[in-house]
Amino acid sequence: MSFDNAYEALADATDDSRWAFGTGFTEPLHGVDGAVPSGVDGADLAAYCLMLGDDALIMSHRLQEWCTNAPELEEELAIANVALDLLGQARLLLARAGKTDGTDRGEDDYAFLRAEHEFRNVHLVELPRGDFAQLIAVLLIFSTWRLALLDRLVSSADPVLAAIAAKGVKEVTYHRDYAARWTVRLGDGTELSHERMRAGLDAVWPLAGELFVPHEIELRLAEAGAGVDPAALRAEFEDVLAQVLSAATLRVPDAAGLTGASGRAGRDGVHTESMGPLLAELQSVARAHPEGTW
């Protein structure tokens, strides 16, 4: 059958005029047994999935802001791919939350219809876009921490969370490698690039401490075998950072900065002043056209 334009062909292929990316797709966990494992509290599991899903969602949005702003076209594509990986993880985790909290809410509802205080992401992912070196510093810290977390979640008592983690390990391994290679390239490059990379690390390091401060929900799920105590990730995180920064001829930031006195703030729905504008942009279309299709 011939078509007048590509849009008609896409609509015909899916039998859905909402051909745009992100619409008309099967629910991420369609056909998956969503039963909560014995010994695991469903409300805790849902909250935990929101924590990890919100981390991925907000980080993905910040990375998307680099489209047309990266120093090279190749880097724009790489950063966009990292953002898409994290968006995929967010979809799965938010969908899992809806299946375990008893509301059966969908991923779009969690992403677009919650207020700022209902988000449970860490502050690091909210940080406004700085220069490219700062982006690499954020991605290095975030991916090193998240990879250590996902690697342990592969053995989670919740088989759905374990499967999501197993997929995420493969993706975040690349994210960490990408950030590490750029850290070395900038740190061991020119005097200017070295200084910019050092400044980027110093700017984001104070936010790293929050990653290792346990929330009571994380502790309860760790005891039940479904989650991970973030404090257990610190040794691996420090070891990886030390190796990367040594190769980059950069000093390791003060380890005392990882104590994170305000570490629970993001997990409890208290965010930085950057979060409001970020959500206003992220949710603008969905809120302007509730349940709209295109």
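What you see is a predicted model; the values in this text were computed from it and never measured. Throughout, a residue's number is its position along its own chain's written sequence, starting from 1. Predicted model: local features are reported for residues with pLDDT of at least 70 only, side-chain atom pairs are reported and counted for 80 or more only, and whole-chain, interface and lining totals are derived from all residues. To get the side-chain values, all heavy atoms of the structure are used, and hydrogens and water are removed first.

Moving on: the overall build of the protein chain. The helix and strand inventory of the protein chain stands at 10 helices and zero strands. Only runs of H or I of at least four residues qualify as helices and only runs of E of at least two qualify as strands under DSSP, and these elements are numbered from the N terminus. Ordered by position from N to C terminus, the α and β elements of the protein chain give α-α-α-α-α-α-α-α-α-α. Burial classification: accessible surface area is computed with a 1.4 Å probe over protein chains only, and a residue below 20% of its type maximum counts as buried, one above 50% as exposed, and the rest as partly exposed. Each of the 294 residues in the protein chain was classed as buried or not, and the buried ones make up 48%. By definition, residues are in contact when any of their heavy atoms lie within 4.5 Å. A sequence separation of at least 24 residues applies to 79% of the contacts in the protein chain between residues at least 6 apart. Residue burial considers only the protein chains on display, and all accessible areas are found by Shrake-Rupley using a 1.4 Å probe. Counting only carbon and sulfur atoms, one obtains 55% of the accessible surface of the protein chain, whose full area is about 13800 Å².

Note that soluble globular proteins tend to have their nonpolar side chains buried in a common cluster. Remark: nonpolar core denotes a set of buried residues (Ala, Val, Leu, Ile, Met, Phe, Trp, Tyr, Cys) joined through side-chain atoms within 4.5 Å. Counting 82 residues, the largest nonpolar core has Tyr-48, Ile-58, Phe-132 and Leu-153 as its most contacted members. Per element, the largest residue contribution to this core is 16 residues, and it comes from helix H5 (residues 132-153). With residues up to four places along the chain from it excluded, the contact list for Phe-132 reads Trp-66, Pro-71, Ile-79, Tyr-178, Trp-182 and Leu-186.

Side-chain rings of Phe, Tyr and Trp (the six-membered ring for Trp) are treated as a pair once their centres are within 6.5 Å; stacked means planes under 30 degrees apart, edge-to-face means over 60, and tilted covers the remaining angles. Per the stated rule, a full pass over the model turns up six aromatic pairs. Seen in terms of ring centroids, Phe-142 and Trp-145 are 5.9 Å apart; in terms of plane orientation they differ by 50 degrees. Their pairing is tilted. Placement of both Phe-142 and Trp-145 in helix H5 is noted, with a separation of three residues, approximately one turn of the helix. Both residues of the pair, Phe-142 and Trp-145, count as buried. Aromatic side chains Phe-212 and Phe-237 sit 5.0 Å apart centroid to centroid with 65 degrees between the ring planes, which places their arrangement in the edge-to-face category. On the criterion of sequence distance, the pair formed by Phe-212 in the loop between helix H7 (191-204) and helix H8 (216-224) and Phe-237 in helix H9 (residues 234-247) is long-range, its members being 25 residues apart. With a relative accessible area of 5%, Phe-212 lands in the buried category. What links up through ring pairs into an aromatic cluster is the set Trp-66, Phe-132 and Trp-182. Across the ring face of Trp-66, the terminal group of Arg-129 is positioned such that the distance to the ring centre comes to 5.4 Å. Sitting over a ring, as applied to charges here, requires NZ of Lys or CZ of Arg to be within 6 Å of the ring centre and within 35 degrees of the ring normal.

A few words now on the side chain of Glu-210. As for its placement among the helices and strands, Glu-210 is situated in the loop between H7 and H8. Only four residue types enter the charge count: Lys and Arg as positive, Asp and Glu as negative, with His and the chain ends excluded. Put simply, a salt bridge is a Lys or Arg side-chain nitrogen that is within 4 Å of an Asp or Glu carboxyl oxygen. Arg-267 is the oppositely charged side chain nearest to the buried, salt-bridge-free Glu-210, at an N-O distance of 6.1 Å. Under the rule applied, a polar contact is a pair of N or O atoms within 3.5 Å (in protein, one hydrogen donor and one hydrogen acceptor; residues adjacent in sequence only if both atoms are side-chain atoms). At a separation of 3.1 Å, a polar atom in the side chain of Glu-210 contacts the main-chain amide nitrogen of Gly-266.

We now examine helix H3 (residues 73-100). Taking 1.5 Å per residue, 28 residues should reach 40 Å; H3 reaches 41 Å between its end C-alpha atoms and fits that length. Looking at the residues trailing H3, positive phi occurs at Gly-102, about 85 degrees. Multiply 1.5 Å by the residue count of a helix minus one, and that product is the helix's expected span.

A few words on the pattern of salt bridges. Scanning the model with the defined rule gives 16 salt bridges in all. Taken together, the shared-partner salt bridges connect Glu-195, Arg-198, Asp-202 and Arg-251 into one network.

The next subject is H5. Each α-helix winds once per 3.6 residues, and so residues spaced three or four apart point in a common direction. Relative to the 32 Å expected for 22 residues at 1.5 Å per residue, H5 spans 31 Å between its end C-alpha atoms, a close match to the ideal helical length. Most of H5 is tucked away, with 20 of its 22 residues classed as buried. The distance from a side-chain oxygen at the start of H5 to the backbone nitrogen of Ala-133 is 3.3 Å, and the residue carrying that oxygen is Asp-131.

Time to look at the side chain of Ser-60. Among the structural elements, Ser-60 can be located in helix H2 (residues 42-64). Residue Ser-60 is classed as buried on the basis of its relative accessible area of 0%. Looking at Ser-60, its side chain comes within polar contact range of the main-chain oxygen of Ala-83, at 2.8 Å. Dropping the residues within four chain positions of it, Ser-60 is found in contact with Ala-83, Leu-86 and Leu-87.

With that out of the way, let us pick up the environment of Thr-272. You can see Thr-272 is positioned in the loop between H9 and helix H10 (275-288). For Thr-272, a relative accessible area of 26% translates into the label partly exposed. Through-space distance from the C-alpha of Thr-272 to that of Glu-126 is 7.4 Å; in sequence the pair is 146 residues apart. Residue contacts for Thr-272: discarding those within four places in its chain leaves Glu-116, His-123 and Glu-126.

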